[in-house]
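What follows is the residue order along each chain.
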Amino acid sequence: MALEHAILVSLSERSGSGYELARRFAKSIGFFWAASHQQIYRALKRMEGLGWVSCEQVPQDGRPDKKVYRVSPDGRAELERWLAEPGEPGAIRDALAVKLRGASLGDTDAVIAEIARHRDRHAQLLQAYLAIRQRDFPEPDRLAGQQLHQYLVLRGGIRAEEGFIAWCEEALDAMRRDRARNADGDDQQ
């Protein structure tokens, strides 16, 4: 997926300036598709050149005019095309998995610490997702349309974090047991 498609989705939900888009990415879409302010502004410029967004200059007192972006008919057509396009399942590319695979080739304790660090970070993300669910979707069975779709993405994030945390716990338990067995074997020699 291109950043442009994530921006089209966000602008379809609500028009906004580049700054407002960057804030939205930081608070919601960014959990699943990260982009820096600079990347967002560059993408908006490309999208404007492609005719996918229109830009309105909104005067502000004491500050430069604000550019408010909206999805154009061409942008809506591109979004509809992209939504209907079959996509490839995402590949798991994670440096932690490679470190775990090579743990026996180096400092196993350092890899164990790295797994624990990742588990803790993902636990923090899970707590953030659960707080968003509680705040924004207290009655998920009553959701429909755009709110339902947003909730389902959030549920995917919750499930992914729960699964990743469980995998980290499994890996930590197994590696600690292995370390203990190896330590016992060293004592017996």
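Looking at an unreviewed UniProt entry, one finds the chain named PadR family transcriptional regulator, with Longimycelium tulufanense as its source organism.

Undergrad: I'm lost on the pairing of strand β2 (residues 63-71) in this one. Help?
TA: Along a regular strand, successive side chains alternate from one face of the sheet to the other. In this structure, strand β1 (residues 53-60) lies alongside β2, joined through seven bridges in antiparallel fashion. Bridging across to β2, Val58 finds its partner in Lys66. Here β1 folds back onto β2 in antiparallel fashion, the turn holding two residues, of which Gly62 has a positive phi close to 70°.

Undergrad: Is there a simple way to think about the packing of aromatic side chains in this case?
TA: Working definition: an aromatic ring pair is given by the centre-to-centre distance plus the angle between the planes. Under the counting rule described, the total for this entry stands at two aromatic pairs. The interplanar angle of 55° and the centroid separation of 5.4 Å between the aromatic rings of Phe164 and Trp167 together place this pair among those described as tilted. With a gap of three residues between them, Phe164 and Trp167 both fall in helix α7 (residues 145-188), about one helical turn apart. Among the residues examined, Trp167 registers a relative accessible area of 30% and is labelled partly exposed.

Undergrad: Can you walk me through helix α2 (residues 18-27) in this structure?
TA: An α-helix turns once every 3.6 residues. As a result, residues three or four positions apart point the same way. Every buried residue of α2 is listed here: Gly18, Leu21, Ala22, Arg24 and Phe25. Around the axis of α2, the buried residues are gathered within 160° of arc, so they sit on the same side. For α2, exposure combined with an orientation more than 90 degrees from the buried face picks out Ala26 and Lys27. Those residues of α2 that are buried are in contact with α1 (3-13), α3 (37-50) and β2.

Undergrad: Just checking my understanding: could you explain the environment of Ala116 for this structure?
TA: Summarising the element assignment, Ala116 is placed in helix α6 (residues 108-136). Between the C-alpha atom of Ala116 and that of Arg42, which follows or precedes it by 74 residues, the distance is 36 Å.

Undergrad: Can you walk me through the nonpolar core in this structure?
TA: Taken as a class, soluble globular proteins show a tendency for nonpolar side chains to be buried jointly. Ranked by size, the top nonpolar core spans 19 residues in total, and within it Ile7, Leu8, Leu11, Leu21, Phe25, Ile40 and Leu44 carry the most contacts. The biggest single contributor to this core is α1, with five residues. With residues near it in sequence (within four places) discarded, Ile7 still touches Leu21, Phe25, Ile40, Ala43, Leu44 and Met47. Ala116, Phe164, Leu172 and Met175 belong to the second largest nonpolar core, which has 11 residues in total.

Undergrad: Could you clarify how one ought to interpret the pattern of salt bridges in this entry?
TA: Note on pairing: side chains with opposite charge can pair once their charged atoms come close. Following the criterion strictly, the structure yields 13 salt bridges and no others. Lys99 is the partner of Glu114 in a salt bridge, and the nearest nitrogen-oxygen pair spans 3.8 Å. Residue Glu114 is located in helix α6, and its partner Lys99 is located in helix α5 (residues 95-101); the two are separated by 15 residues in the primary sequence. For Glu114, a relative accessible area of 17% puts it in the buried group. A relative accessible area of 42% places Lys99 in the partly exposed class. We note a salt bridge from Arg179 to Asp109, for which the minimum N-O separation is 2.6 Å. A residue pair is termed long-range when its members are at least 10 positions apart, and Arg179 in helix α7 and Asp109 in helix α6 qualify at 70 residues.

Undergrad: Quick question: what am I supposed to make of the environment of Arg181 here?
TA: With respect to the helices, strands and loops of the structure, Arg181 is situated in helix α7. Classification of Arg181 as exposed rests on a relative accessible area of 52%. Measuring from C-alpha to C-alpha, the distance between Arg181 and Tyr19 comes to 54 Å, with 162 residues separating the pair along the chain.

Undergrad: Teacher, can you tell me more about the side chain of Ser10 here?
TA: Within the secondary structure, Ser10 is located in helix α1. Among the residues examined, Ser10 registers a relative accessible area of 1% and is labelled buried. Once residues within four sequence positions are removed from consideration, Ser10 is found in contact with Leu21, Arg24 and Ile29.

Undergrad: In this structure, what is going on with α6? I would like to understand it.
TA: Taking 1.5 Å per residue, 29 residues should reach 42 Å; α6 reaches 42 Å between its end C-alpha atoms and fits that length. The N-cap of α6, judged by a side-chain oxygen 3.1 Å from the amide nitrogen of Asp109 a few residues on, is Asp107.

Cut-offs used in this document
- Within every chain, residues take consecutive numbers counted from 1 along the sequence as written.
- Where local features are concerned, this predicted model is filtered to residues with pLDDT of at least 70; where side-chain atom pairs are given and counted, the filter is 80 or more; whole-chain, interface and lining totals use all residues.
- Note that water and hydrogens are dropped before the side-chain values are worked out from all heavy atoms of the structure.
- At least two DSSP bridges between two strands are required for those strands to pair.
- What counts as a helix is a DSSP run of H or I of at least four residues, what counts as a strand is a run of E of at least two, and both are numbered from the N terminus.
- Think of it this way: a Phe, Tyr or Trp ring, Trp meaning its six-membered ring, pairs with another when their centres are within 6.5 Å, and the plane angle makes it stacked under 30 degrees, edge-to-face over 60, tilted otherwise.
- Summary of the burial criterion: residues with accessible area below 20% of their type's maximum are buried, those above 50% are exposed, and those between are partly exposed, where the area comes from a 1.4 Å probe applied to protein chains only.
- It is the directions from the helix axis to the C-beta atoms that the arc portrays.
- Here, residues are in contact when the closest pair of their heavy atoms is within 4.5 Å.
- Here, nonpolar core means buried Ala, Val, Leu, Ile, Met, Phe, Trp, Tyr and Cys residues that are tied together by side-chain atoms lying within 4.5 Å of each other.
- The working definition used for a salt bridge is a side-chain nitrogen of Lys or Arg within 4 Å of a carboxyl oxygen of Asp or Glu.
- Every helix has an expected span of 1.5 Å times one less than the residues it contains.
- Pairing of N or O atoms within 3.5 Å defines a polar contact, subject to two protein rules: one partner must be a possible hydrogen donor and the other a possible acceptor, and residues neighboring in sequence count only if both atoms are side-chain atoms.

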